[in-house]
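Chain residues, written in single-letter form:
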Amino acid sequence: MSKRLVQYTNLFPRLRKYKLILYIIASLLLLILTVSTYLYTIPLFTDDQQRCDMVWMWPSYARVTAFDETHSKHSSRYGLYLYREQGKDREPNENEDHEGFKTLLTGVPVLFIHGNAGSYEQVRSIAARCAEMFYEGNIQEKYPEARNIDFFTADFDEQLSAFWGMLDQVEYITDAIAFIASLYPESPSGTNNIILIGHSMGGLVAKIAAARNEGKVNTIVTLATPHADPFPWLLKTSEFNDEVGLVSIYSLTDLMVPPQVIQPKRKYDYYFTVDAARLLGVPMDHQSMVWCGQLREKVAEMLMGISGLVTLQDRMKVVREVFGGEEGPVPVYGVAYYKLKIMQSWVVVMGLVIFCLKWMFLVLVFIQLRKLYRRFK
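These numbers were taken from a predicted model, which means no experiment stands behind them.

Asker: Just checking my understanding: could you explain the nonpolar core for this structure?
Answerer: Note on soluble globular proteins: their nonpolar side chains tend to be buried together. Formed by 48 residues in total, the largest nonpolar core has its most connected members in F151, I249, L295, M302, L303 and F323. Examining the composition of this core, we find that 7 residues originate from one element, helix α9 (residues 293-306), more than from any other. Leaving out residues up to four positions away in the same chain, M302 has contacts with V221, V247, V318, V319, V322 and F323. Y78, Y184, V205 and Y268 belong to the second largest nonpolar core, which has 39 residues in total.

The structure is reproduced here in structure tokens:
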């Protein structure tokens, strides 16, 4: 019989007991990696699918210096602009004073608020189409009360409002709404008919600022705004005024703000929501919500239709008419649909992580308190 020259020793005796578990974990990780690699190679949208129409405009922006100089403590970082479509809207000159600036405002005021890391120039798509409808189209044949629209837009210097700075933005927009209201005479109902348009996080800023300016805002239109307050560190919007109409437009194919976070946690008296991707049959991502040709046509028509109406009930009636109709199927097909759902599941994952962290913190606090109790008992 031959003898081993080196005595065999099991360096990891405990691992042998968990060998099956380790194999299962490794196999699952390999499977997840394989499926993820496969899904990554699959495009969400094919070349033969209908896509958003491109749009063109001739934008110009006039800085509202009177507001920054006298009405805001955040003027060193933020700015307020008046949009003018070149060749259609009358543009201010450099020597025009505050009273001369007011003569430019012949329509209904609309304030656009961009979202996280957005730009004030994102207003140009919808604003340009409204100017075209008013000056060149026959919009007043369909909506006899339609008026021109004066688009204001706020500049937050591409600030990451989803993480910090939202409180300052709310204060700035609150002051801006009061200033804009002072430029216009009150409507026959005794209020100022200001319309707010918010993209993404800008919609949350608009809701809070509107609640702080009771009687000045009539309607809020949000584009891809997470009304469910998915981030626990953000300002809450539960104190929103019920007398203001809320129109929520979102896209089922939006990866950043999926449908799970669109619905608000409470009901509003005048609330309307629509999935633009299914209604128009066009897949839209988060950014294209402000420029997609098919959607901006609907949004511009809605704004023109409600521009000259006094009562909120009449305005919401126009909103339902413009965005009425049956919603079609999701404009993403086959395996790409499941890829879309997996990519949108970040909301569920984040919710589980926050839930686990909260309970881990509570357990750790309980353990420490128990140790202190035993020590001083």
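Asker: What exactly am I supposed to notice about the packing of aromatic side chains here?
Answerer: Geometry of an aromatic ring pair is reported as the spacing of the ring centres plus the angle between the planes. By the definition in use, this model includes 11 aromatic pairs. For the pair F134 and Y135, a centre-to-centre distance of 5.1 Å together with 85 degrees between the ring planes defines the contact as edge-to-face. Each ring, one from Y337 and one from Y338, has its centre 5.7 Å from the other, and the planes form 80 degrees; the classification is edge-to-face. The class of Y337 is partly exposed, set by a relative accessible area of 28%. On the basis of relative accessible area, Y338 is assigned to the exposed category, the value being 56%. Through a chain of ring-to-ring contacts, three or more aromatic side chains come together here, namely F67, Y78, F156, Y172 and F179.

Asker: What's the story with the packing of helix α1 (residues 19-40) against helix α11 (residues 335-344) in this structure? I'm lost.
Answerer: Helix-helix packing is described using two parameters, namely the angle between the two axes and the distance between the axes. Two numbers describe how α1 lies on α11: the axes approach to 10 Å, and their chain directions differ by 115 degrees. As judged from the angle between their axes, α1 and α11 are roughly perpendicular. Between α1 and α11 the crossing geometry is left-handed. Each of Y38, L39 and Y40 in α1 lies in contact with α11, whose residues at this interface are V335, K339 and I342.

Asker: What am I meant to see in the state of the cysteines here?
Answerer: By definition, a disulfide is the covalent link that joins the sulfur atoms of two cysteine residues. With the rule as written, the count across this model stands at 1 disulfide. Here C52 engages in a disulfide with C292; their sulfurs sit 2.2 Å apart. In this structure the cystine formed by C52 and C292 twists about its S-S bond by roughly -95 degrees; its chirality is therefore left-handed. Taken together, the positions of C52 in the loop between α1 and β1 (59-63) and C292 in the loop between α8 (276-280) and α9 put the pair 240 residues apart, joining distant regions of the chain. You'll find C52 and C292 in the same group, each marked buried.

Asker: Before we go on, may I ask you to explain a nonpolar patch on the surface in this structure?
Answerer: Among the surface-exposed residues, F355, W359, F361, L362, V365, L369, L372 and F376 lie close enough to one another that they form a single nonpolar patch of about 860 Å² accessible area. Here L362 is to be found in helix α12 (residues 346-376). On the accessibility criterion, L362 (42% relative accessible area) is partly exposed.

Asker: Got a minute to help me understand the pairing of strand β2 (residues 79-85) in this structure?
Answerer: Side-chain direction in a regular strand flips from residue to residue, so the side chains alternate between the two faces of the sheet. Of all the 7 residues making up β2, 7 are buried; the element is thus mostly covered by neighbouring parts of the structure. Judged by which residues are buried, β2 turns out to be covered on both faces: G79, Y81, Y83 and E85 on one side and L80, L82 and R84 on the other are all buried. As paired elements, β1 and β2 share 5 bridges and run antiparallel to each other. From the neighbouring strand, S60 faces β2, where its bridge partner is R84. Sheet topology places β2 next to strand β4 (residues 149-155); 4 bridges connect them, and they run antiparallel. Among the inter-strand pairings, G79 is bridged to a residue of β4, identified as D155.

Here is what the cut-offs are and how they apply
- Residues numbered from 1 in each chain as written.
- Predicted model: local features only at pLDDT ≥ 70, side-chain atom pairs only at ≥ 80, totals over all residues.
- Heavy atoms only, no water.
- Core = buried A, V, L, I, M, F, W, Y, C linked by side-chain atoms within 4.5 Å.
- Buried < 20%, exposed > 50% of the residue type's maximum accessible area, 1.4 Å probe, protein only.
- Helix = DSSP H or I, 4+ residues; strand = E, 2+ residues; numbered from the N terminus.
- Contact = heavy atoms within 4.5 Å.
- Phe/Tyr/Trp six-rings, centres within 6.5 Å; stacked < 30°, edge-to-face > 60°.
- Axes fitted to C-alpha atoms, helices over the stretch in contact; angles between N-to-C directions.
- Parallel < 35°, antiparallel > 145°, perpendicular 65-115°, else oblique.
- Left-handed = near helix turned anticlockwise from the far one by under 90°.
- Disulfide = S-S within 2.5 Å.
- Patch = residues over 30% accessible without salt bridge, like charges linked within 9 Å, V, L, I, M, F, W, Y side chains within 5 Å.
- Areas by Shrake-Rupley, 256 points an atom, 1.4 Å probe, with all protein chains shown as cover.
- Salt bridge = Lys/Arg side-chain N within 4 Å of Asp/Glu carboxyl O.
- Pairing = 2+ DSSP bridges.

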